[in-house]
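Survey of secondary and tertiary structure
The chain contents come next:
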Amino acid sequence: MARPRNIKSSFIETPFPFFTFLPVSPFTSLLNKFPSLRIHMPYSSSRPRSYLFVIFLLILLSLLGLSLLRLVSVSQNPSPCPSFLTLLSPPTSHPPFASLSSKNHEPVVLSRNATVPLPAHPVSGNATAEEAEFWAQPDGEGYRPCLDFTIQYRKASAKISKEKQKFLVVVVNGGLNQQRNQIVDAVVIARILEAALIVPVLAVDEIWKDESEFSDIFDVDHFKRTLQADVRVVSSLPSTHLGSRPTIGTHMPYNVSPLWIRTKFLKELNRGGVLILGGTYSKLSKNLPLDLQKLRCKVAFHALRFVSPIQELGNKLARRLWIKGPYIALHLRLEKDVWVRSGCLTGLGPEHDDIIRKIRETQPQLLNDRLNMTNTQRRLAGLCPLNALQVASRLIKALGAPRTAQVYRAGGEPFGGAQALQGLVEEFPNIVTKEMLAREGELSPYINRSSAMAALDYIVSLSSDVFLPSSGGNMGSAIQGYRAYVGHRKFVKPNHRAMVGLFEDTSISEAEFRSIVKKMHRRYQGQPEKRTTKRSSSDVIAYPVPECMCIHGIRSLQRS
């Protein structure tokens, strides 16, 4: 007959399970430092209270050791301000969930995978008061990146990051920054569906004809490694799913919620194992649960890094300009496709307007929404991009930029060529482009590759002292959010609707015009703007405060 199990004896003879919940390193080091604490306890059922006392004593000593270690680390780093790399290091208080490791990669450290721009220049002592005001950087008000996910999110990651049965394929289209937005949404949708994500497919744009693949523009290994705690990213479907009948979703309404996505696709995905999505641009709601908003920031600001050749060349171009002094990055959206999509007149005369009109008639799908609006209505509503003359001789000049300022012109070749840029060149002769900064042969690998060229513009613009887009758009929003995320660098956001009226009012003097423009843009120069106070359609990637940035109790020094 088997002997009955002695529960008390079993509990005491088993190694103390509580120790497995203590941090290993501090506890081990504590035992090594004090050998007398290495207690070997032979079993004695008559003295259980003494063993409980010893357990309590060990716990107390362990906690004391942790407190001492923390005190020592704090005393060794008395600086009241975090370093710039610390600024880019979102707090991750639970490493096992925050940055899962794999056999081939080290655990992810977010401070090492965000692109850090060159620092803003200090204002020259020779600058006038107006010029000093123009170059001055905004007060970041103490906001720092904070991507600390909830414990529920991190617990769910243990399963989702190992998913091998459900796969999401997303086809993204448009230009570089439109593709970036869709890639961000693809990761979030994969997380919502708890599916593995195939590296997104870049479709060939109807206008740019760029046949680049994801791996030609973005660092695939870095993308996978950065997101390994959130979503499993793989390069291709496994052989077990090649014969699967996929579910194809091409028509998604705008502003869909996580619940809508799960209701629409999860059942079919569980059955077939593969879901293919296209046409996802701006379809996912901009108001998601907090963890998913933080995930959007993690993808946009950390996971999507350009491949080394593009990043290194972009850095070289930025340094060549930066070393000569402060510079303005001006994103002039004057390419042919902008005029086609916007429905606005070019301002270059009937001949150029007629070319755009014919393209719209043959390809009406390219025209953006609000088809019932005339050109005049669009212009008065602030929906048309500012031309070079309006940006240069009126806006930048009124804000106090010196005529000698370096101006980096980002963007493709403007429709109309030199004629389209005449007003800008006359007011600010020190204009450079990536083609002018590059040395012989440096741009050769990227000829006819619009996405790579746009990536170079993005990198150079990120390090500028002042960034100004001639209109809204994906690049403007992307730069706006990233400049906020790395410390709220100056970003002038033109008030298009109000500016149109000023441009057409010939009764006000130049001095009055400048005064009105400065007052109009005083609150729109890169200061922290809370997304929660904006329109519900505002994207956290453009407005990372407060979901992805928070005040850490240290007010940043106002930069000048």
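None of the values given here were measured: they were computed from a predicted structure. (Residues numbered from 1 in each chain as written. Predicted model: local features only at pLDDT ≥ 70, side-chain atom pairs only at ≥ 80, totals over all residues. Heavy atoms only, no water.)

Bringing the nonpolar core into the picture now. Residues Leu168, Leu197, Phe214, Phe223, Leu295, Phe306 and Ile310 are the most contacted members of the largest nonpolar core, which totals 85 residues. In terms of residue count, helix α8 (residues 176–193) provides more of this core than any other element does, 10 residues in total. (Core = buried A, V, L, I, M, F, W, Y, C linked by side-chain atoms within 4.5 Å. Buried < 20%, exposed > 50% of the residue type's maximum accessible area, 1.4 Å probe, protein only. Helix = DSSP H or I, 4+ residues; strand = E, 2+ residues; numbered from the N terminus.)

Omega for the peptide link from Val545 to Pro546 comes to 5°, which places this bond in the cis form. By the element assignment, Pro546 lies in the loop between α23 (510–521) and β13 (549–551). Non-glycine residue Ser282 carries a positive phi angle of around 60°. With respect to the helices and strands, Ser282 occurs in the loop between β7 (274–278) and α12 (290–303). Positive phi, normally seen in glycine, also occurs at His488, with a value near 55°. Mapped onto the secondary structure, His488 falls in the loop between α21 (474–485) and β12 (490–491).

Attention now moves to the sheet that holds strand β11 (residues 466–469). Pairing within the open sheet is parallel, and its five strands lie in the order β10-β9-β8-β11-β12. Unpaired on one side and paired on the other, β10 (431–432) and β12 mark the two borders of the sheet. Bridging between strand β9 (residues 406–410) and β10 involves two bridges; their strand directions are parallel. By the bridge assignment, Val407 is partnered in β10 with Ile431. Set on the sheet, helix α17 (residues 388–399) makes contact with β8 (327–331) and β11; between it and β11 the angle comes to about 145°. Along the sheet face, helix α20 (residues 450–462) touches β8, β9 and β11 and points at about 150° away from the line of β9. (Pairing = 2+ DSSP bridges. Contact = heavy atoms within 4.5 Å. Axes fitted to C-alpha atoms, helices over the stretch in contact; angles between N-to-C directions.)

Counting across every chain of the model gives three disulfides. For Cys297, the disulfide goes to Cys548, at an S-S distance of 2.0 Å. Every disulfide takes its handedness from the sign of the S-S torsion; for Cys297 and Cys548 that torsion is 90°, giving right-handed. A residue pair is termed long-range when its members are at least 10 positions apart, and Cys297 in helix α12 and Cys548 in the loop between α23 and β13 qualify at 251 residues. (Disulfide = S-S within 2.5 Å.)

Now for the packing of α8 against helix α11 (residues 258–272). Where α8 meets α11, the axes come as close as 9 Å, and the angle between the chain directions of the two elements is 65°. The angle between α8 and α11 falls in the class roughly perpendicular. The handedness of the crossing between α8 and α11 is right-handed. In this structure, α8 contributes Ile189, Ile192 and Leu193 to the contact, and α11 contributes Pro258, Ile261, Arg262, Phe265, Leu266 and Leu269. Class assignment of the residues belonging to the contact of α8 with α11 gives a composition of eight nonpolar, no polar and one charged. (Parallel < 35°, antiparallel > 145°, perpendicular 65-115°, else oblique. Left-handed = near helix turned anticlockwise from the far one by under 90°. Nonpolar A, V, L, I, M, F, W, Y, C, P; charged D, E, K, R; others polar.)

The buried fraction of β9 is high, at five of five residues. Every second residue of β9 is oriented toward a common face, with Gln406, Tyr408 and Ala410 on one face and Val407 and Arg409 on the other, all of them buried. Across five bridges, β8 lies against β9 in parallel orientation. Along β9, the bridge assignment pairs Leu330 with Arg409. Read as a crossover between parallel neighbours, the route from β9 over helix α18 (residues 418–427) to β10 is right-handed. (Right-handed = clockwise from strand over helix to strand, strands pointing away.)

Before going further, it helps to spend a moment on the pairing of β8. Summarising burial for β8: five of the five residues are buried, a large majority. In terms of strand pairing, β8 meets β11 through four bridges, oriented parallel. Considered in β11, the bridge of Ala329 is made with Phe467.

Under the criterion given, the structure shown has 19 salt bridges. A salt bridge links Asp185 to Arg296, with the nearest nitrogen and oxygen atoms 2.5 Å apart. With Asp185 in helix α8 and Arg296 in helix α12, the pair connects residues that are 111 residues apart, well separated along the chain. When sorted by exposure, Asp185 lands in the same class as Arg296, which is buried. Between Asp337 and Arg341 there is a salt bridge whose closest N-O contact spans 3.5 Å. Remark: Arg341 and Asp337 occur in helix α14 (residues 336–342); sequence separation between them is four residues, near one turn of the helix. Accessibility expressed as a relative area gives 23% for Arg341, which makes it partly exposed. Ionic contacts of the salt-bridge type, sharing partners, join the residues Asp354, Arg357, Lys358 and Glu361 into one network. (Salt bridge = Lys/Arg side-chain N within 4 Å of Asp/Glu carboxyl O.)

Enumeration over the complete set of coordinates arrives at 12 aromatic pairs. Ring geometry for Phe214 versus Phe218: centroids 5.2 Å apart, planes at 45°, classification tilted. A connected cluster of aromatic rings, assembled from ring pairs, spans Phe214, Phe218, Phe223, Phe301, Phe306, Tyr458, Tyr482 and Tyr485. Here the guanidinium or amino end of Lys283 rests over the ring plane of Tyr254, the centre of that ring lying 5.2 Å away. The ring of Phe513 is capped by Arg394, whose NZ or CZ atom sits 3.9 Å from the centre of that ring. (Phe/Tyr/Trp six-rings, centres within 6.5 Å; stacked < 30°, edge-to-face > 60°. Lys NZ or Arg CZ within 6 Å of the ring centre and 35° of its normal.)

Looking now at the confidence of the model for the protein chain. The pLDDT averaged across the protein chain works out to 80; a share of 77% of its residues lies at or above 70. Taken element by element, the predicted model of the protein chain shows its lowest mean pLDDT in helix α1 (residues 7–13) (31) and its highest in strand β5 (residues 233–234) (98). Across residues 1–49, confidence stays below pLDDT 50; counting only partners more than four residues off in sequence or on other chains, it has 29 contacts. Counting contacts from residues 66–110, a segment whose pLDDT is below 50, to residues more than four positions away or on other chains yields 65 contacts. (pLDDT = per-residue confidence, 0-100.)

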